[in-house]
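These are the residues of each chain, in order.
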Amino acid sequence: MQKKLKNGLFILALIPYIIFLILGVINCIKYTIDNQVLDLYELIAPLSDFWFDTIVEFNFIYVILIIFCVGYPIFYLVDKSHQKQEKLEKTKKFDKYLLLYILSFIPYLFLTYTCIFGIEFGFFTTDMYYGFDALLIALIAGTIIPIYPLILIYQIVYTLKQHKNFSNKLKKSIILMVILLVASIIIPSLVHLNIKNNRINNNYKQDKVIIEKYLSDTFGKYYDDMEVLKNNSESASYRIKTPLLDYSFTIELNRERNQVNKNTFYKEFVEENNMQDKFDRYITNLYNLPNNVKINSVITSFDINNYSVGDSIDNLLNTCEYKIDSIYIYDSNYKKEEILSIIKDYYKKYDVLLKPYYTKEWLMFYVKINDKNYASIQVITSNNNLTIHFSGYNYGDGYTIAYETEYIDLNN
């Protein structure tokens with residue numbers, strides 16, 4: 001009679017947990033469908049809200065209910081454990097290695113936890129990973145710190161040595177425990193994978209519309225031959241296949257602004273066709289620069305509609321938009337005052353060439369001092385004034401690193 005009463009009270013104490021779990025599952029499914037994100041907090045939200053309301057409002061009946069539902073199962077399980085311990089001591093000697101064997105399965109629960117709730121990982125910036133991605137990260141971490149290799153070796157060795165002494169009940173319990181562990185990892189991982197794939201598909205459909213409009217506006221007659229390749233991640237970066245390149249190029253979106261942030265077509269086209277050196281020579285001839293000057297520019301874009309496959313690259317040079325990266329001046333006789341004068345003359349004489357295209361409002365000049373050394377000079381333009389920073393300069397016999405600043409007024 002007493003045993004039945006204890007069992008009945010234990011079941012009664014578990015009923016509220018079952019009710020809250022059912023409500024949590026319904027809540028979680030609804031949230032996942034509405035937001036396409038699996039948030040496991042929604043499982044415990046009803047219980048959490050009830051607990052919080054009880055504390056805030058201090059409802060006496062709810063407090064008694066919580067004390068009973070939390071306290072009695074603990075009392076029941078401790079009592080059961082005590083009874084089993086007494087029975088075990090009467091029947092056989094306690095096997096501490098078997099206990100260690102059973103406890104060795106506990107670290108696998110961390111894999112279950114990371115699959116369901118995710119794990120934060122990254123070097124410079126961190127992201128949350130779920131499902132199989134989180135499982136892989138957790139396994140790698142548990143291998144570098146050799147937790148899982150050690151417990152797995154112990155489990156294999158102990159099983160091989162003692163499996164004949166396992167009772168049928170213990171064998172079934174171990175098999176059931178392993179099945180539950182595997183299921184607790186596989187099932188939530190599959191759910192996360194399905195949700196992730198749905199997000200990827202939805203992102204691809206929405207992103208493709210923006211990308212195709214951009215490609216149509218930018219590449220004109222070549223748009224019909226371009227293909228937006230689907231990626232296997234939630235990244236806003238896509239590869240674009242085109243007959244203009246041997247390989248695909250990258251388009252990167254800003255989803256918040258619905259615009260293209262990055263387009264590597266021009267860079268890859270320039271590299272494939274060795275176009276940069278030709279363009280630097282083209283600028284040198286266009287502006288009739290002296291023979292001792294070398295321009296290092298960066299082509300940012302050009303009008304591809306002026307080009308047909310098989311045409312000479314020279315047809316594109318006059319359509320290029322570019323920025324000047326650096327200018328090299330070769331002359332071993334320059335003094336500091338002469339260098340300042342030369343830079344001033346360059347900004348005045350080649351105003352159209354330099355001013356619109358300096359990089360981030362500054363431009364690097366490298367003036368050769370002798371066979372080995374250069375003066376490294378950073379020029380910053382502001383309100384028709386030049387700020388000249390000498391970061392390396394040769395004084396007299398040796399090469400001396402110096403940091404000096406000079407100012408030049410272009411109006412004078």
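Read on for an overview of the structure. (Residues numbered from 1 in each chain as written. Predicted model: local features only at pLDDT ≥ 70, side-chain atom pairs only at ≥ 80, totals over all residues. Heavy atoms only, no water.)

**What about helix 10 (residues 275–286)?**
Part 1: Compared with an ideal rise of 1.5 Å per residue, which puts twelve residues at 16 Å, helix 10 spans 16 Å between its outermost C-alpha atoms and is within 8% of the ideal.
Part 2: Those residues of helix 10 that sit buried are M275, Q276, F279, D280, I283 and T284.
Part 3: Of the residues one or two after helix 10, N288 is the one with positive phi, at around 55°. (Helix = DSSP H or I, 4+ residues; strand = E, 2+ residues; numbered from the N terminus. Expected span 1.5 Å × (residues − 1). Buried < 20%, exposed > 50% of the residue type's maximum accessible area, 1.4 Å probe, protein only.)

**What about helix 6 (residues 131–144)?**
Part 1: In this model, helix 6 (14 residues) spans 20 Å end to end at C-alpha, consistent with the 20 Å of a helix rising 1.5 Å per residue.
Part 2: Contact partners of the buried residues in helix 6: helix 5 (108–117), strand 1 (119–122), strand 2 (126–129), helix 7 (147–162) and helix 8 (168–219). (Contact = heavy atoms within 4.5 Å.)

**With respect to the sheet that holds strand 4 (residues 237–241)**
Part 1: One open sheet accounts for four strands, arranged 3-4-5-6; its pairing is antiparallel. In the strand order of this sheet, the two ends are held by strand 3 (227–229) and strand 6 (259–263), each with one partner. Taking each pair of neighbouring strands and ignoring which way they run, the sheet shows an average axis angle of 35°.
Part 2: Here strand 3 runs beside strand 4; their pairing, made up of three bridges, is antiparallel. Bridge pairing in strand 4 links E227 to K241.
Part 3: Packed onto the sheet, helix 8 meets strand 3, strand 4, strand 5 (249–254) and strand 6 and runs at close to 115° relative to strand 5. (Pairing = 2+ DSSP bridges. Axes fitted to C-alpha atoms, helices over the stretch in contact; angles between N-to-C directions.)

**What to know about the side chain of S297**
Part 1: Mapped onto the elements of the fold, S297 is located in strand 7 (residues 293–301).
Part 2: A polar contact is formed between the side chain of S297 and the side chain of Q276, at a distance of 2.9 Å.
Part 3: There is a polar contact of 2.4 Å between the side chain of S297 and the side chain of D280.
Part 4: In this view, S297 contacts Q276, F279, D280, I283, Y322, K323, I324 and D325; residues no more than four positions away in its chain are not counted. (Polar contact = N/O pair within 3.5 Å; in protein donor to acceptor, adjacent residues only side chain to side chain.)

**With respect to the packing of aromatic side chains**
Part 1: A full pass over the atoms with the stated rule returns 19 aromatic pairs.
Part 2: With 6.0 Å between their ring centres and 25° between their planes, Y154 and Y158 make a pair best called stacked. Here Y154 and its partner Y158 are both found in helix 7, four residues apart, which amounts to about one turn of the helix.
Part 3: Its relative accessible area of 24% is what places Y154 among the partly exposed residues.
Part 4: The exposure class of Y158 is buried, given its relative accessible area of 8%.
Part 5: Considering the side-chain rings of Y204 and Y238, the 6.1 Å spacing of their centres and the 45° angle between planes classify their relative orientation as tilted. (Phe/Tyr/Trp six-rings, centres within 6.5 Å; stacked < 30°, edge-to-face > 60°.)

**Describing the packing of helix 5 against helix 7**
Part 1: Viewed as axis vectors pointing N to C, helix 5 and helix 7 meet at an angle of 130°, and their least axial separation amounts to 11 Å. On the basis of their axis angle, the class for helix 5 and helix 7 is oblique. Contact residues: Y108, F110 and L111 in helix 5; Y148, I151, L152 and Q155 in helix 7.
Part 2: For the contact of helix 5 with helix 7, the per-class residue count stands at six nonpolar, one polar and no charged. (Parallel < 35°, antiparallel > 145°, perpendicular 65-115°, else oblique. Nonpolar A, V, L, I, M, F, W, Y, C, P; charged D, E, K, R; others polar.)

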